[in-house]
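Fold and geometry: a report
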Amino acid sequence: MTGVPLIFIWIGIFWMAFGMWEFHTLQYASKMANAYLAVHGANYVTAAGASIEVKDVANVFSTYAVGIIPSAVTLTLTAGGTTHPACVLKTCQTDTTAWPPTAANSVGTDIKLRAAFTFVAPFELWTPGQGATSFSNNYSLSGYSHQQILF
């Protein structure tokens with residue numbers, strides 16, 4: 001008699017833990033990508049003589065966003081008062097726009113990274129005698145990091 005309710009409880013615990021893991025991963029990836037930008041900002045030049053680009057920040061984010069679907073993440077980068085248009089992670093990984101832009105690329109400039117992700121949980125509410133009742137299974141998760149360019 002207790003087996004069926006326990007199965008539903010275990011499934012619920014699993015999906016809640018999975019959602020919490022994805023939220024933590026998203027936040028950690030945001031923090032690490034923004035930290036990369038903070039130490040590779042104003043005075044950093046690549047071996048080819050170029051500055052950091054949006055794709056570099058997106059690739060660092062992707063490295064730390066283990067298990068999160070790249071096509072479901074939207075990144076928004078802000079430096080000083082300039083905001084790069086929000087882009088899906090896969091699109092950001094090919095964006096060659098210099099970031100931060102020259103006007104906002106100095107030591108002490110505030111840089112922000114916001115990552116938005118929609119977690120889809122397969123929960124359905126079932127009421128005896130009334131059948132399945134659908135409700136929103138989408139939960140908006142966001143990762144955010146705010147730092148200053150250090151070098």
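Refer to the preceding data block for the structure.
Here's what I pulled together on the structure shown here. For every chain, the first residue of the written sequence is number 1, and numbering continues from 1 along that sequence. Owing to the predicted nature of the model, reporting of local features is limited to residues with pLDDT of at least 70; listing and counting of side-chain atom pairs is limited to 80 or more, with chain, interface and lining totals taken over all residues. For the side-chain quantities, the full set of heavy atoms in the structure was used; hydrogens and water were omitted.

In this structure, Leu-26, Phe-61, Val-73, Leu-75 and Leu-113 are the most contacted members of the largest nonpolar core, which totals 30 residues. A run of H or I in DSSP counts as a helix once it spans at least four residues, and a run of E counts as a strand once it spans at least two, with each numbered from the N terminus. Of all the elements in the fold, those that place two or more residues in this core are α1 (3–39), α2 (54–64), β1 (73–79), α3 (89–92) and β4 (110–120). Each residue touching Leu-113, except ones within four places of it in the same chain, is listed here: Ser-30, Ala-33, Asn-34, Val-57, Phe-61, Leu-75, Thr-76, Leu-77, Gly-143, Tyr-144 and Ser-145. Among buried residues, those of type Ala, Val, Leu, Ile, Met, Phe, Trp, Tyr and Cys that are joined through side-chain atoms within 4.5 Å constitute a nonpolar core. Remark: exposure states derive from per-residue accessible area (1.4 Å probe, protein chains only) relative to the maximum for the residue type, with buried under 20%, exposed over 50%, and partly exposed in between. Contacts are residue-level and defined by heavy atoms, with any inter-residue pair within 4.5 Å sufficient.

A few words now on the pattern of salt bridges. Throughout this description, the term salt bridge denotes a Lys or Arg side-chain nitrogen within 4 Å of a carboxyl oxygen of Asp or Glu. Inspection of the entire model under this criterion finds 1 salt bridge. Salt-bridge contacts for Lys-55 lead to Glu-53; the nearest nitrogen and oxygen are separated by 3.7 Å. Judged by relative accessible area, Lys-55 falls into the partly exposed class, the value being 29%. Using a relative accessible area of 17% as the deciding quantity, one classes Glu-53 as buried.

So, on to the packing of α1 against α2. Lines fitted to C-alpha atoms define the axes, with helix axes restricted to the stretch in contact, and inter-axis angles between N-to-C directions lie between 0 and 180 degrees. With their axes 8 Å apart at the nearest point, α1 and α2 run at an angle of 145 degrees to one another. As for the relative orientation of α1 and α2, their crossing is right-handed in sense. Taken together, the residues of α2 that come into contact with α1 (itself represented by Thr-25, Leu-26, Tyr-28, Ala-29, Ser-30, Met-32, Ala-33, Tyr-36 and Leu-37) are Asp-56, Val-57, Val-60, Phe-61 and Tyr-64. Residues of the contact of α1 with α2, tallied by class, amount to 11 nonpolar, 2 polar and 1 charged. Here a crossing is taken to be left-handed if its near helix is turned anticlockwise relative to the far helix by less than a right angle, and right-handed if that turn runs clockwise. Following the grouping adopted for this structure description, the nonpolar residues are Ala, Val, Leu, Ile, Met, Phe, Trp, Tyr, Cys and Pro, the charged ones are Asp, Glu, Lys and Arg, and the polar ones are all others, Gly among them.

In terms of burial, β1 is largely enclosed, as 5 of its 7 residues are buried. In this analysis, strands are considered paired if DSSP registers two or more bridges between them. With 7 bridges connecting them, β1 and β4 associate as antiparallel partners. Considered in β4, the bridge of Thr-74 is made with Ala-116. Inspection of the sheet shows β1 paired to strand β3 (residues 87–88) by 2 bridges, in the antiparallel sense. Within β3, the position partnered with Leu-75 by the bridge is Cys-87.

Attention shifts here to the side chain of His-84. Considering the arrangement of structural elements, one finds His-84 in the loop between β2 (82–83) and β3. Polar contacts involving the side chain of His-84 include one to the side chain of Asp-95, which spans 2.8 Å. Each residue touching His-84, except ones within four places of it in the same chain, is listed here: Val-54, Thr-76, Leu-77, Asp-95, Thr-97 and Trp-99. Each polar contact in these results corresponds to two N or O atoms within 3.5 Å; when the atoms are within protein, one needs to be able to donate a hydrogen and the other to accept it, and residues that are neighboring in sequence are counted only if both atoms are side-chain atoms.

Before going further, it helps to examine the packing of aromatic side chains. Any pair of Phe, Tyr and Trp rings, taking the six-membered ring for Trp, is counted once the centres come within 6.5 Å. Such a pair is stacked with planes under 30 degrees apart, edge-to-face with planes over 60 apart, and tilted for the rest. In total, this model carries 8 aromatic pairs according to the counting rule given. For the ring pair Phe-14 and Trp-15, a centre distance of 5.2 Å and an interplane angle of 80 degrees mean the geometry is edge-to-face. On the basis of relative accessible area, Trp-15 is assigned to the partly exposed category, the value being 22%. When the ring of Tyr-28 is compared with that of Tyr-64, the centres are 5.6 Å apart and the planes differ by 80 degrees; the resulting orientation is edge-to-face. Linking Tyr-28 in helix α1 with Tyr-64 in helix α2, this pair joins segments that are 36 residues apart in sequence. We classify Tyr-28 as partly exposed; its relative accessible area is 35%.

Turning our attention to α2. Among all positions of α2, only Val-54, Val-57, Ala-58, Val-60 and Phe-61 are buried. Considered in projection along α2, the buried side chains sweep an arc of 160 degrees and stay on one side of the axis. In this context, the arc is that of the directions from the helix axis out to the C-beta atoms.

It is worth spelling out the state of the cysteines at this point. In this description, a disulfide is simply a cysteine sulfur pair whose atoms lie within 2.5 Å. In total, this model carries 1 disulfide according to the counting rule given. With a sulfur-sulfur separation of 1.6 Å, Cys-87 is cross-linked through a disulfide to Cys-92. Negative torsions about the S-S bond denote left-handed disulfides, and the value of about 85 degrees found for Cys-87 with Cys-92 makes this one right-handed. The two residues Cys-87 and Cys-92 agree in class, both being buried.

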